[in-house]
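Residues per chain are reported as follows:
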Amino acid sequence: MEATEPQQAVGASQSANVSPDSKTTPPKPIHSLVVDTGPLIKNEPPVSTLLAQAHELYTLPSVISEIRDAATKSRVETTLLPFLKLRNPKPESVKFVTDFARRTGDLEVLSRPDLHLIALTYELECERNGGDWRLRSTPAQKGLNGKPPAREKQDGDEETTTEQTVDDQAGAEDEQNQEETNISEDIPEAEQGAQEQPTIQQETVTQALDNLSLEPSALPTADTAPDDAATASTKAYEEEADDDEGWITPTNLKKHQAKDQLSAPEQPIQKLLQAALLTSDFAMQNVALRINLNLVSAGLARITRVKTWVLRCHGCFQVTRDTARQFCPRCGQPTLTRASATTDAAGQARVHLKKNFQWNNRGNVYSVPKPVHGSASGKKNKSSGGGGKNGWGRDLVLAEDQKEYVRKTADQRRARQRDLMDEDYLPGILTGDRSGGAPGRIRVGAGRNVNSRKR
């Protein structure tokens, strides 16, 4: 015994020295984190934060090849690439995400690496959770696909354990009843002693009251008027509280902040996210939220609500997320209006329209001038007339498949891809171009003032 006690003391001291370190290091909240190209290029969050918050880091092999900057690529290859796991998703996962994005309307603005990143997150989520029971198969689905596998096993064991629990509860009730009967037998003697004590206290109190002086010069004691003052103060405080319910005060500031916080999660926060996606692309965030995939921001905070801008057709009510379009993809009319759209944690997408919105029909009714022929050299003959005064109707764009519109879009695409190292390139300060370096939007129609008097 004498030889074992010092060993136990040493073991206890070692465990006491080790346990605080294990308690001070918090567990990592994310197991598998899929990283997009944007956070890698911006270095937000840094590598140390990623390693401290996630057990495993995943990305695509094509994401590394997308980095063109030499300094950024060398930084990623030296600091982050040893900790990254390069993996491509399965074709089944890519097909599921592609069909889902087509139904939500985000497929036209998502690139191939974007779809593969979402598919990789979907695949890791199914592997870590044992299936897609906490995900959605279609955008219009209100609930989830099913219950967790552990719950289904517990449901079958509930019937066998109910009889045992009922017997245990009955036995516990019998023991409590026996204890109450044993205690009730000993109560009368204690009650007699307890009843004698208040009478003695009342006599002493009456004698003390008789000895008190009732002179007018005596100051009010603690037993006089404090009750009235306390009740008055409590009433005043309640009235102030009732008056301050609609106001923001230092006492209810946190309550109002919690109400106004749009990103508050509507579902219980998980202690450990099995798989999550880190991206700053709004289209990817929208698709991931509607599938019910875990989504985190650059600060590794969980995102439960996404606000984006969409284009909504005023004629056929078609919604498109490609904000560069000028014609509706369904009806082909230039009636697209800009509107805000939100996606919550439940996967519900909502478009917020302007109140009392009135569509302006000014400039929609006018006479289209007759077309003007060109020449063999391709130069326009301005002296032949036609096209209205000053030739305002020569290049009218009225539809998306019109050759004038196709030619202008091709010229804009070519201007964006201009090489700055070209010998024939001149900056705008020398050429007089004031477009800001980027081509503007193509003019559709004749404008709002087409029917005004022309001098």
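Residues numbered from 1 in each chain as written. Predicted model: local features only at pLDDT ≥ 70, side-chain atom pairs only at ≥ 80, totals over all residues. Heavy atoms only, no water.

Turning our eyes to something else, we now look at the packing of helix α6 (residues 91-104) against helix α7 (residues 112-129). Taken N-terminus to C-terminus, the directions of α6 and α7 make an angle of 115 degrees; their axes are 8 Å apart at the nearest point. α7 is crossed by α6, and the crossing has right-handed handedness. Contacts from S93, V94, F96, V97, T98 and A101 in α6 reach L115, H116, I118, A119, Y122 and E123 in α7. For the contact of α6 with α7, the residue count by class is eight nonpolar, three polar and one charged. (Axes fitted to C-alpha atoms, helices over the stretch in contact; angles between N-to-C directions. Helix = DSSP H or I, 4+ residues; strand = E, 2+ residues; numbered from the N terminus. Left-handed = near helix turned anticlockwise from the far one by under 90°. Contact = heavy atoms within 4.5 Å. Nonpolar A, V, L, I, M, F, W, Y, C, P; charged D, E, K, R; others polar.)

Reading fine detail from the predicted coordinates is not recommended where pLDDT is low. Considering every residue of the protein, the mean pLDDT works out to 74; 63% of them sit at 70 or more. Within the protein, helix α1 (residues 4-24) has the poorest average pLDDT of any element, 45, and α7 the best, 94. Across residues 152-167, confidence stays below pLDDT 50; counting only partners more than four residues off in sequence or on other chains, it has two contacts. Within the model, the stretch residues 180-200 combines pLDDT values under 50 with zero contacts to residues more than four positions away or in other chains. (pLDDT = per-residue confidence, 0-100.)

Along the chain, T342 turns up in strand β8 (residues 336-343). Classification of T342 by relative accessible area gives buried; the value is 9%. There is a polar contact of 2.9 Å between the side chain of T342 and the side chain of H352. Apart from the residues within four sequence positions on either side, T342 is in contact with R305, V306, K307, Q348, A349, R350 and H352. (Buried < 20%, exposed > 50% of the residue type's maximum accessible area, 1.4 Å probe, protein only. Polar contact = N/O pair within 3.5 Å; in protein donor to acceptor, adjacent residues only side chain to side chain.)

To continue, consider the environment of I303. Following the sequence through the fold, I303 ends up in the loop between β5 (294-296) and β6 (306-313). Remark: the alpha-carbon pair of I303 and L278, spanning 25 residues in sequence, is separated by 9.9 Å.

As a further point, take the pattern of salt bridges. Counted according to the given criterion, the structure contains eight salt bridges. In this structure, E127 and R87 form a salt bridge, with 2.6 Å as the shortest nitrogen-oxygen distance. Of this pair, E127 sits in helix α7 while R87 sits in the loop between β3 (84-86) and α6, placing them 40 residues apart in sequence. By relative accessible area, E127 is classed as partly exposed at 45%. R87 gets classed as partly exposed once you look at its relative accessible area, which sits at 22%. Here R325 ties to E400 by a salt bridge, and the two come within 3.4 Å at their closest N and O atoms. Of this pair, R325 sits in the loop between β7 (319-320) and β8 while E400 is found in the loop between β9 (349-352) and α12 (403-416), placing the two residues 75 residues apart along the sequence. On the accessibility criterion, R325 (19% relative accessible area) is buried. (Salt bridge = Lys/Arg side-chain N within 4 Å of Asp/Glu carboxyl O.)

What follows is about the packing of aromatic side chains. One pass over the structure, following the stated rule, counts three aromatic pairs. Between the aromatic rings of F96 and Y122, the centroid separation amounts to 4.5 Å while the plane-to-plane angle is 20 degrees, which identifies the pairing as stacked. You can see F96 sitting in helix α6 and its partner Y122 sitting in helix α7, a full 26 residues away along the chain. Comparing F96 with Y122 shows no difference in burial state: the two are buried. Aromatic side chains F327 and Y405 sit 5.2 Å apart centroid to centroid with 90 degrees between the ring planes, which places their arrangement in the edge-to-face category. With a gap of 78 residues between them, F327 in the loop between β7 and β8 and Y405 in helix α12 connect regions that are remote in the sequence. Here F327 matches Y405 in class, with each residue buried. Connected via pairs of aromatic rings, a cluster forms that spans F96, F100 and Y122. Note that R338 overlies the ring of W309, its terminal NZ or CZ placed 3.9 Å from the centroid. (Phe/Tyr/Trp six-rings, centres within 6.5 Å; stacked < 30°, edge-to-face > 60°. Lys NZ or Arg CZ within 6 Å of the ring centre and 35° of its normal.)

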